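Residue strings, one per chain:
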Amino acid sequence: MLGDHAVNPPVVLAPMAGITNVAFRRLCREQGGGVYVCEMITTRALVERIPKTLKMIAFAEDEGFRSLQLYGVDPDVTAAAVRMVGEDNLADHIDLNFGCPVPKVTRRGGGSALPWRRRLFGRIVTQAVEAAKPFGIPVTIKMRKGIDDDHLTYVEAGLAAQDAGVAAVALHARTAEQRYSGKADWDAIATLKQALDVPVLGNGDIWEGSDALRMVEHTGCDGVVVGRGCLGRPWLFADLEAAFTQGTGYRPVLPALGEVAKIIARHAQLLVEALEDERHGCADFRKHVAWYLKGFPVGGDLRRSLAMISSLAELDDLLAKLDPAVPFPAEALGQPRGRVNAPGKVSLPHGWLDSRDDDSVPEGAETDESGG
Ligand SMILES: Cc1cc2nc3c(=O)[nH]c(=O)nc-3n(C[C@H](O)[C@H](O)[C@H](O)COP(=O)(O)O)c2cc1C
């Protein structure tokens, strides 16, 4: 449950900047049930009504439960942004991002650096929940384990968020230092689940429906948040729904190349519609090509051409060259995709680690830079 909204199957599409726009969410929603979170929106840009930001808050008419992620570092600005979401009826759910590991953000004290400043974190979450209350909008948070193994914050932050009245807490079970490297620590999700009464959503390294079942089994979490696993694989949501309805032993969803080609064409078409421009839509689509074709026996020239398309007609011609009968490559199953970068020391503002109870608002921590 998120507020009054039953989430069935208990699956959330993770917010991913540059990916989870209205087109991609629709493509995923056509595959299965769940909550599909919009790209992250910065609170300051929202309250200042920056046109580019307002445009990013686009939901399809049939998007029943409009889920929006906000990123903020200032309790007052965050509350103002939440009020605006309520007053302008922009969304039905607000998630707060405390997981961004991008150096440009943590260096200023934002994203995954912020929960360390426990009083500031508490103020942001409390004010957001209070501001959302009159509109009946459930607020959730999404965070990492902490800055690094010596500076873990997730249990304390989860408890504080629960006290503030959040509807659920999502944990990407890596530290900021890990970025996207190594394995997510599902034991940490179990620890958080034991510590909290509100629903806990587990996040990290779900590549197949079977991984989601394993995570629930291992951690007792109430639902799963899925990010990179669905890059170039929107049918993962059909796979997840099958897994949750049929249990272990379910039949995995493994489209042959012909079906993948149809989904590719639909994705590009939806992007063109969303961006209201064929060239922009096709340009935005290009980054998805390698993910769709991962593991399929498709030659380099064709891959390169597909990654350079500038019209839907060109895309159709190229897709016609694919052999529709090629089965889904087993070797691509269970494999990481998208970001898998190396760990890196977390950039923080001077003296950050020595001042946990300082609740002054960090300056310049709201940039256009984003990520989780
Ligand atoms: C391209 C990309 C963009 C992301 N953008 C965001 C974001 O805006 N907000 C956020 O909370 N997390 C963001 N994340 C993190 C994901 O939501 C998720 O927590 C992370 O990828 C781990 O889950 P996974 O192992 O299922 O991918 C992003 C991840 C990727 C790969």
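Everything quoted here is computed from the prediction, not taken from an experiment.

A. Highlighting empty space enclosed by the protein. Across all of its chains, the model carries one cavity of 30 Å³ or more by this definition. The space that makes up the largest cavity amounts to roughly 90 Å³. For the largest cavity, the full set of lining residues is Leu2, Val12, Pro15, Val37, His93, Asp95, Thr140, Ile141, Lys142, Ala170, Leu201 and Val225. Broken down by secondary-structure element, the contributors of at least two residues to the lining of the largest cavity are strand S4 (93-98) and strand S5 (139-144). The dominant element in the lining of the largest cavity, judged by the number of residues it contributes, is S5, at three residues. Of the residues contributing to the lining of the largest cavity, the split by class is eight nonpolar, two polar and two charged.

B. Representation of the UniProt feature "domain: DUS-like FMN-binding" (unreviewed entry) in the protein in the model. Per the UniProt record, "domain: DUS-like FMN-binding" (unreviewed entry) is annotated on residues 13-319. A distance of 27 Å separates the end C-alpha atoms of residues 13-319, which is 46% helix and 13% strand.

C. Summary view of the UniProt feature "active site" (unreviewed entry) in the protein. Under the UniProt annotation, "active site" (unreviewed entry) lies at Cys100. Within the secondary structure, Cys100 sits in the loop between S4 and helix H5 (103-106).

D. Quick peek at the pattern of salt bridges. Per the counting criterion, the structure on display carries 21 salt bridges. Among the ionic pairs, Asp358 bridges to Arg117, the shortest N-O distance being 3.8 Å. On the criterion of sequence distance, the pair formed by Asp358 in the segment after helix H15 (312-319) and Arg117 in the loop between H5 and helix H6 (118-132) is long-range, its members being 241 residues apart.

E. Region of the structure containing helix H9 (residues 209-219). The set of residues buried in H9 consists of Gly209, Asp211, Ala212, Leu213, Met215 and Thr219. The elements touched by buried residues of H9 are helix H8 (186-195), strand S7 (200-203), strand S8 (223-226) and helix H10 (236-246). Two residues or fewer past H9, Gly220 is found with a positive phi of approximately 75°.

F. Focus on the layout of surface pockets. In this structure, the largest pocket spans a volume of roughly 800 Å³. Together, 29 residues line the largest pocket, and Asn21, Glu39, Lys55, Met56 and Leu275 are the ones closest to its centre. Listed by contribution, the elements that provide at least two residues to the lining of the largest pocket are helix H1 (22-29), strand S2 (35-42), helix H3 (51-56) and helix H11 (257-275). Counting residues per element, the lining of the largest pocket draws most heavily on H11, at five residues.

G. Geometry of the pairing of strand S3 (residues 67-71). Burial of S3 is extensive: five of the five residues sit out of reach of the surface. Going residue by residue along S3, you find Ser67, Gln69 and Tyr71 tucked away on one face and Leu68 and Leu70 tucked away on the opposite face as well. Alignment of S2 against S3, held across four bridges, turns out to be parallel. Bridge pairing in S3 places Val37 opposite Ser67.

H. Region of the structure containing the side chain of Lys145. The residue Lys145 is located in the loop between S5 and helix H7 (154-164) in this model. With a relative accessible area of 7%, Lys145 lands in the buried category. Excluding anything up to four places from it in sequence, Lys145 contacts Leu152, Thr153, Tyr154, Leu171, His172, Ala173, Arg174, Thr175, Asp185 and Ala188.

Scoring rules and cut-offs
- Residues numbered from 1 in each chain as written.
- Predicted model: local features only at pLDDT ≥ 70, side-chain atom pairs only at ≥ 80, totals over all residues.
- Heavy atoms only, no water.
- 1 Å grid on protein atoms, 1.4 Å probe; cavity = no way out; pocket = protein on both sides within 12 Å on 5 of 7 lines; lining within 4 Å.
- Points joined across faces, edges and corners; volume = space filled by probe spheres on them.
- Helix = DSSP H or I, 4+ residues; strand = E, 2+ residues; numbered from the N terminus.
- Nonpolar A, V, L, I, M, F, W, Y, C, P; charged D, E, K, R; others polar.
- UniProt positions renumbered as here; feature names shortened; annotations may be inferred.
- Salt bridge = Lys/Arg side-chain N within 4 Å of Asp/Glu carboxyl O.
- Buried < 20%, exposed > 50% of the residue type's maximum accessible area, 1.4 Å probe, protein only.
- Contact = heavy atoms within 4.5 Å.
- Pairing = 2+ DSSP bridges.

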